[in-house]
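One letter stands for each residue in the lines below.
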Amino acid sequence: MNTEQTKAKKRIAFVHDVFPGVGGGGAERITFDLANYLSRQGYEVFVWAYKHNTGSYPARLPVNFRVICLPDPDVYRSQRNACFMADLVRQLHLDVLVSVVNPLIRIREILPEGSSCRYVMANHGKPFWEMTGKIDRRRHHRYRTLLGKWIWWIYDCPRIYGFKVYERRFLRRYRQAYEQADAYVVLCEGYRRELCDRLHLNPANARIWAIPNSERQAEGDMAGRTKRKQVLYVGRMSYDDKRVDRLIRIWSRVWRRMPDWELILLGDGRERSDLEALAARLQAGHLRFEGTTTHVETYYREAAILCLTSTREGWGLCLTEAQAHGVVPVAFDCSSGVHEILAPSGVNGILVSPFDEDAYAAELLGLMRDEERRRVMQRNVVEKSRTYTIESVGEAWLNMLDTIANRAGASAPQ
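The shown structure was predicted, so the numbers you read here are calculated from the model rather than taken from an experiment.

**Here we look at the overall build of the chain**
Along the chain, the regular secondary structure elements total 16 helices and 13 strands. For the chain, whose C-alpha radius of gyration is 23 Å, the value lies close to the compact-globule estimate of 22 Å for 414 residues. Reported as C-alpha extents along the three principal axes, the dimensions of the chain are approximately 75 × 60 × 40 Å. Relative to its full complement of 414 residues, the chain shows a buried share of 51%. Element-wise, carbon and sulfur atoms account for 49% of the exposed surface of the chain, whose accessible area totals about 19600 Å².

Shown next, in the form of structure tokens:
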């Protein structure tokens, strides 16, 4: 291929920590979907990965798609990785570089002043989730002992909530990530408003784009499919964010009243043994841990209700996956992303005030008892999932890419 042919191609690279994600991670799945769409629009798509899982690819790969492994998998911010990416940008005549989840710390070394390559930061989480996660982990660790509780209240709380040590630190990081990007992508308008507010940006001029994750449509008539009396959980079993312990406590309150229903928990993680012990201690029956599976859609097709009891969720792909399969989601109203997917409550799912386990149990029990309500909501959620097709999401990405390309062209010297 000669240089002129190379320059004529539109080329975009997505930078991932691990690709594909272990267990088919959400951000990685979205990149596959976008790669398929963008390749149909004339883009050649690359993924640059620090760590590569060769056995996790889907059956059908996008055309014009290539994964390139970075040379230093153990030190993401290394000079060696930055130099390697800078060389790739020049050799490939790259048009757009997209950092997925985490901002590129050495971006000015990768794209020096005057580079024609545009830089997009794609945040797949709730803004400032790192800060709230760090606080939650510290509190959970301290509360293991009586001395730790004293340290939490006497030392940690004044630093965190009085002097706002964490808040100032993460505000600096987010502002730097925003200022370095030609476009900063978040998952919904609520997150866009939050970033504009906390970074003191003018919403009319901010380079922040609200683009949701895409959702694949299920095969067959999910709106009219007969469902089993099954409640489903899909996701990691981690205390920091997912809080499956809440779901087990909630289930222990309702299962005896609905003995023909069962709870199925899909997923794994370091908390699984503790959760199994909790279920045994609470004598929660009609509950089974199924572990991880590569065929989660078979569970979605059968289940009637999906439960999510997370402390934080960026977008919650399991919610839109459930909707696409006619499974009615119930979740705590813990983020703008969850609210966007399930609102209005009672139509596209059920939103419960965080983190009221009594209210959650009451909502779940009412939904389990009301078959007609479930049927109506089953049709609603399938329809809602169609608003997140790759065509609509891909078009939003193309609009963003065209805008930053035109903006760069307008500012280029004549």
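And the narrative resumes.
**So, the packing of aromatic side chains**
In this structure the tally under the stated criterion is 9 aromatic pairs. Where F332 meets F355, the ring centres are 5.3 Å apart and the plane angle is 75 degrees; that geometry is what we call edge-to-face. Of the two residues, F332 sits in strand 12 (residues 328-332) while F355 sits in the loop between strand 13 (350-352) and helix 14 (357-369), which places them 23 residues apart along the sequence. Here F332 falls in the buried class, since its relative accessible area comes to 1%.

**So, the sheet that holds strand 10 (residues 287-291)**
Strand order in the open sheet made by the 6 strands is 10-9-8-11-12-13, with parallel pairing throughout. Unpaired on one side and paired on the other, strand 10 and strand 13 mark the two borders of the sheet. Each adjacent strand pair in this sheet contributes to an overall mean axis angle of 20 degrees, direction not counted. As paired elements, strand 12 and strand 13 share 3 bridges and run parallel to each other. Paired with A331 across the bridge in strand 13 is L351. Sheet contacts for helix 9 (residues 244-254): strand 8 (230-234), strand 9 (262-266), strand 10, strand 11 (305-308) and strand 12; angle to strand 9, the most-contacted strand, approximately 170 degrees.

**Points about helix 6 (residues 146-162)**
Look at helix 6: 22 Å from first C-alpha to last across 17 residues, which is about the 24 Å you get at 1.5 Å a residue. For helix 6, the principal kink sits at D156 and spans about 45 degrees; a proline, P158, occurs within the next four residues. Of all the residues in helix 6, the buried ones are G148, W152, D156, C157 and I160. Where helix 6 is buried, its residues meet helix 5 (129-142) and helix 7 (165-180). Taken from the residues just after helix 6, K164 is the one with a positive phi, measuring 55 degrees.

**Comments concerning the pattern of salt bridges**
Pairing is possible between side chains of opposite charge, provided their charged atoms come close. Enumeration according to the criterion identifies 34 salt bridges in this entry. Across the pair R138 and D156 runs a salt bridge, and its minimum N-O distance is 3.6 Å. Here R138, found in helix 5, pairs with D156, found in helix 6; they are 18 residues apart in sequence, far enough to count as distant. Judged by its relative accessible area of 0%, D156 falls in the buried class. Three or more residues joined by partner-sharing salt bridges are found here, namely R243, D245, R249, R253, E357 and D358.

**Some thoughts on the packing of helix 5 against helix 7**
Following both chains from N to C, one finds helix 5 and helix 7 inclined at 150 degrees, their axes separated by 9 Å at the closest point. By the criterion of interaxial angle, the relationship of helix 5 to helix 7 is roughly antiparallel. Note on packing geometry: the crossing formed by helix 5 with helix 7 is right-handed. For the pair helix 5 and helix 7, contact is made by W129, E130, M131, K134, I135 and R138 and by Y166, E167, R169, F170 and Y174, respectively. A per-class count over the contact of helix 5 with helix 7 returns 6 nonpolar, no polar and 5 charged.

**Observations concerning the nonpolar core**
One finds F14, W48, L97, W251, I305, W397 and M400 to be the most contacted residues of the largest nonpolar core, which totals 132 residues. In contact with W48, not counting residues within four places along its chain, are A13, F14, V15, H16, I68, L70, M85, L88, V89, L92, L94 and L97.

**Let's talk about unusual backbone geometry**
Omega for the peptide link from A343 to P344 comes to -5 degrees, which places this bond in the cis form. Its location among the elements puts P344 in the loop between helix 13 (336-342) and strand 13. At H200, a residue that is not glycine, the phi angle is positive and equals roughly 60 degrees. You can see H200 is positioned in the loop between helix 8 (189-198) and strand 7 (208-210).

**Thoughts on the pairing of strand 5 (residues 118-122)**
In regular strands, side chains alternate between the two faces of the sheet. Among the 5 residues in strand 5, 5 count as buried, and that is most of the element. Every second residue of strand 5 is oriented toward a common face, with R118, V120 and A122 on one face and Y119 and M121 on the other, all of them buried. Relative to strand 5, strand 4 (residues 96-100) is paired through 5 bridges, and the arrangement is parallel. Within the sheet, the bridge partner assigned to V96 lies in strand 5 and is R118. Relative to strand 6 (residues 183-186), strand 5 runs parallel, the two sharing 3 bridges. Paired with A122 across the bridge in strand 6 is V185.

What counts and how
- Residues numbered from 1 in each chain as written.
- Predicted model: local features only at pLDDT ≥ 70, side-chain atom pairs only at ≥ 80, totals over all residues.
- Heavy atoms only, no water.
- Helix = DSSP H or I, 4+ residues; strand = E, 2+ residues; numbered from the N terminus.
- Rg over C-alpha atoms; globule rule 2.2 N^0.38 Å.
- Buried < 20%, exposed > 50% of the residue type's maximum accessible area, 1.4 Å probe, protein only.
- Areas by Shrake-Rupley, 256 points an atom, 1.4 Å probe, with all protein chains shown as cover.
- Phe/Tyr/Trp six-rings, centres within 6.5 Å; stacked < 30°, edge-to-face > 60°.
- Pairing = 2+ DSSP bridges.
- Axes fitted to C-alpha atoms, helices over the stretch in contact; angles between N-to-C directions.
- Contact = heavy atoms within 4.5 Å.
- Expected span 1.5 Å × (residues − 1).
- Bend = angle between axes of the 7 residues up to and from the residue.
- Salt bridge = Lys/Arg side-chain N within 4 Å of Asp/Glu carboxyl O.
- Parallel < 35°, antiparallel > 145°, perpendicular 65-115°, else oblique.
- Left-handed = near helix turned anticlockwise from the far one by under 90°.
- Nonpolar A, V, L, I, M, F, W, Y, C, P; charged D, E, K, R; others polar.
- Core = buried A, V, L, I, M, F, W, Y, C linked by side-chain atoms within 4.5 Å.

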